[in-house]
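Descriptive structure summary
Chain by chain, the residues:
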Amino acid sequence: MYTIGVLESGGGLSSFLAANLPAELRERVRLCPAASLPQGTRADLLVVSPDLRGEDAAPAVCRALLVPGRLAPLVGAVEAGWAVSYGVSPKDSLSLSSLGEKDLCLSLQREVVTLTGDCLECQELRLPRASRTSPFHVLACAGVQLLLGVPPEEVKA
């Protein structure tokens, strides 16, 4: 069982993850707001929402951190074994190489180590997209799956 903390200002990302992570993965994770983790509890994965505001950032401890690259300075107090950034910058580890109305193409721009210790090589993944789905939520959802060891060809969003 993995503990996934979500650091967000609203409830949008945690709701999206709860609804869109594959059922077989949801059975293996405990998804909770980062603020509700007991003091001293180390989350396996801390996911930072793209809507995080500075006043909502809080110190935390985690094995791995999934963070929008543009918000990395806000979570400087997070103690993490390693971090994976997501967003639209060429500096982000997980980014978009194309965005259409019906699908998008995720780009893993550098090697990423999963929680199981596997190393994922650079690659592109094509995923279907609902028209009003935030591309940042899709990136976060895909990042969670990849970090939890879902093979890239089986990632869903």
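Everything discussed here concerns the structure shown above.
Here's what I pulled together on the structure shown here. Please read these numbers as outputs of a predicted model, since none were measured by experiment.

Definitions and cut-offs
- Residues numbered from 1 in each chain as written.
- Predicted model: local features only at pLDDT ≥ 70, side-chain atom pairs only at ≥ 80, totals over all residues.
- Heavy atoms only, no water.
- Phe/Tyr/Trp six-rings, centres within 6.5 Å; stacked < 30°, edge-to-face > 60°.
- Lys NZ or Arg CZ within 6 Å of the ring centre and 35° of its normal.
- Core = buried A, V, L, I, M, F, W, Y, C linked by side-chain atoms within 4.5 Å.
- Buried < 20%, exposed > 50% of the residue type's maximum accessible area, 1.4 Å probe, protein only.
- Helix = DSSP H or I, 4+ residues; strand = E, 2+ residues; numbered from the N terminus.
- Contact = heavy atoms within 4.5 Å.
- Salt bridge = Lys/Arg side-chain N within 4 Å of Asp/Glu carboxyl O.

Here the structure, examined in full by the defined rule, presents zero aromatic pairs. Here the guanidinium or amino end of R70 rests over the ring plane of F136, the centre of that ring lying 5.9 Å away.

Moving on, we get to the nonpolar core. By size, the foremost hydrophobic cluster in this structure holds 36 residues, and its most contacted members are L45, V47, L66, L94, L106, V144 and L148. No other element matches helix α3 (residues 135-147), which puts eight residues into this core. Apart from residues no more than four positions distant in its own chain, L106 is found in contact with L94, S95, L96, Q123, E124, L125, L127, L139 and A142. Ranked by size, the runner-up nonpolar core spans 15 residues in total, among them L37, A43, L71 and V78.

For the structure shown, the criterion picks out three salt bridges. Two residues, K156 and E24, come together in a salt bridge whose shortest N-O distance is 4.0 Å. Of this pair, K156 sits in the segment after α3 while E24 sits in helix α2 (residues 23-26), placing them 132 residues apart in sequence. Residue class for K156 comes out partly exposed when judged on its relative accessible area of 46%. On the basis of relative accessibility, which here comes to 48%, the residue E24 falls in the partly exposed class. Close ionic contact of R126 with D103 constitutes a salt bridge, the shortest N to O distance being 3.1 Å. With R126 in strand β10 (residues 123-128) and D103 in strand β7 (residues 103-108), this pair connects stretches of sequence that are 23 residues apart.

Geometry only, nothing functional implied.
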